[in-house]
Amino acid sequence: MPIRSQHQLHHLGRFGELVPIVLLNLVYQMLTLGLYRFWAITTIRRYLWARTLFNDDPLEYTGTGKELFLGFLLAAVVVLVPVFALQYGLALAQAAGETALAVVFGTLYGLLIVMLTPIAIYRARRYRLNRTVWRGMRWGQSGSAMIYALLTLWYGFLTTVTLGLAYPWQSIALERYRLGHTWFGNQPISFDGTGRALFGRWLKAWVPTVGLMLAFGIFVVTRYGQQLSIASQNDDAEAFAAIIGLGALALVPMMLVTAVVFCWYKAAELRYIAGQARYQELRFTCTVTGGQLAWLAIGNMLVRIVTLGLGGSYTLVRTARLMARTLSAEGAVDFDRVRQNPDERTRTGEGLAAALSMGEF
């Protein structure tokens, strides 16, 4: 029967609990020359999933290290071989002075990487959802990774030719495809968002960003343009490098301001996306703010730098806590209608994402 109530996410993960897991994984990876990384990823995922509760019931991750390893091997044979072949052909063409052939190899290599990246993202999301269980019911994702890749290329092209103005349409179109093909059990999630609804917010972020970029360009030209020209004419490599270094240093505050502005927009986008998603009569609410996202990004970066990467697991806990704290749902769910997801479970893990060294969580 339908249940109407407030539904809240909770994440109970603790860095202190993750430390022994991470250290043991590190030892095993050293002993196996890195081969254990697939089982290490699985161990951490199981911990993070189990500490994430919805209505006081934990998620369960059912993937295995063996699946991730076999997926990586398959991707290495099917994907990395042609990638390396194109790289080798490009190197040979450049060494032989065959400019036209080098352009062909370089173009094919670039197109292959551009196509493979969104395919890897989509296939990795499918695997992780397929291995996520709540109350005995499996999540799932249908749809085509190739169609998702084509959508990514098309909207990426539109965003480029409009100097970034089409970004809200790109973001929402991809989210619509992802969420529109997401299932819990045999019941789908729906999403009714539009890029137009976010354009006003994006414009408020886009204008200062473009203004900062123009201001930086003018500053570099007026402050260092003549010096760069003189250094180039005199073939003074040291002076040229010093001027470039100063320019790069001046770029840092601009990048920080731009990142904060983008976090402000991204928070608005996440709130909008959550508000437009539905599961049966369940409505979602996200309360994340730009300040919270900026602090999350800055804090995670500092943790990784200070710990030389060993604190990466803590950044996962920080991210999961913020997500759980700011995401809730309210409405009716008829659990009697929910049956097991009929899609066949994938047999291997997200090998392509691993082969391209993409995000593991």
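Note: the structure precedes this text.
Residues numbered from 1 in each chain as written. Predicted model: local features only at pLDDT ≥ 70, side-chain atom pairs only at ≥ 80, totals over all residues. Heavy atoms only, no water.

Participant: Would you mind going over the pairing of strand β10 (residues 327-334) with me for this structure?
Facilitator: Regular strands place side chains that alternate from one sheet face to the opposite one. Along β10, six of the eight residues are buried, which leaves the element largely enclosed by surrounding structure. With six bridges connecting them, strand β9 (residues 281-286) and β10 associate as antiparallel partners. Residue Thr-285 lies in a different strand from β10, and its bridge partner there is Ser-328. (Buried < 20%, exposed > 50% of the residue type's maximum accessible area, 1.4 Å probe, protein only. Helix = DSSP H or I, 4+ residues; strand = E, 2+ residues; numbered from the N terminus. Pairing = 2+ DSSP bridges.)

Participant: What should I look at first to understand the packing of helix α9 (residues 290-306) against helix α10 (residues 312-326) in this one?
Facilitator: The relative placement of two packed helices comes down to the angle between their axes together with the axis-to-axis distance. Axis separation between α9 and α10 bottoms out at 9 Å; the angle between their running directions is 165°. The angle between the axes of α9 and α10 places the two elements in the roughly antiparallel class. Read as a crossing pair, α9 and α10 show a hand that is right-handed. Here Gln-292, Leu-293, Trp-295, Leu-296, Gly-299, Asn-300, Val-303 and Arg-304 of α9 lie close against α10, whose contacting residues are Gly-312, Tyr-314, Thr-315, Arg-318, Thr-319, Leu-322, Arg-325 and Thr-326. (Axes fitted to C-alpha atoms, helices over the stretch in contact; angles between N-to-C directions. Parallel < 35°, antiparallel > 145°, perpendicular 65-115°, else oblique. Left-handed = near helix turned anticlockwise from the far one by under 90°. Contact = heavy atoms within 4.5 Å.)

Participant: Would you mind showing me how to read a nonpolar patch on the surface here?
Facilitator: On the surface, a cluster of nonpolar side chains totalling about 640 Å² of accessible area is made up of Trp-295, Ile-298, Met-301, Leu-302, Ile-305 and Val-306. Mapped onto the fold, Ile-305 is located in helix α9. Since its relative accessible area comes to 52%, Ile-305 is described here as exposed. (Patch = residues over 30% accessible without salt bridge, like charges linked within 9 Å, V, L, I, M, F, W, Y side chains within 5 Å. Areas by Shrake-Rupley, 256 points an atom, 1.4 Å probe, with all protein chains shown as cover. Salt bridge = Lys/Arg side-chain N within 4 Å of Asp/Glu carboxyl O.)

Participant: Looking at this structure, how should I read the pattern of salt bridges?
Facilitator: One side chain can pair with another of opposite charge once the charged atoms of both are near each other. Summed over all chains, the structure comprises five salt bridges. In this structure, the salt-bridge partner of Glu-175 is Arg-178, at a minimum N-O distance of 2.6 Å. Of this pair, Glu-175 and Arg-178 are both found in helix α6 (residues 167-180), three residues apart, which corresponds to roughly one turn of the helix. Take Glu-175 and Arg-178: they sit in the same class, and that class is buried.

Participant: Explanation requested: the side chain of Thr-159 in the structure shown.
Facilitator: Of note, Thr-159 is situated in helix α5 (residues 145-161). Residue Thr-159 is classed as buried on the basis of its relative accessible area, which comes to 13%. In terms of polar contacts, Thr-159 uses its side chain to reach the backbone carbonyl oxygen of Tyr-155, at 2.9 Å. Those residues within four positions of Thr-159 in sequence are excluded, and the remaining contacts are Gly-164, Leu-165, Ala-166, Tyr-167 and Gln-170. (Polar contact = N/O pair within 3.5 Å; in protein donor to acceptor, adjacent residues only side chain to side chain.)

Participant: Help me understand the packing of helix α2 (residues 37-50) against helix α3 (residues 65-95), please; the structure alone is not making it clear to me.
Facilitator: Between α2 and α3, the least distance of the axes is 8 Å, while the angle of their chain directions is 135°. With respect to each other, α2 and α3 are oriented oblique. As α2 runs across α3, the sense of the crossing is right-handed. Taken together, the residues of α3 that come into contact with α2 (itself represented by Phe-38, Trp-39, Ile-41, Thr-42 and Arg-45) are Gly-65, Lys-66, Leu-68, Phe-69 and Phe-72. In terms of residue class, the contact of α2 with α3 is built from six nonpolar, two polar and two charged. (Nonpolar A, V, L, I, M, F, W, Y, C, P; charged D, E, K, R; others polar.)

Participant: Looking at this structure, how should I read unusual backbone geometry?
Facilitator: The phi torsion at Leu-33 lies on the positive side, around 55°, for a residue other than glycine. By the element assignment, Leu-33 lies in the loop between α1 (15-31) and α2. Overall, the relative accessible area of 81% leaves Leu-33 in the exposed class. The phi angle at Arg-135 is positive, at roughly 55°, despite the residue not being glycine. Residue placement: Arg-135 occurs in the loop between β4 (132-134) and β5 (137-141).

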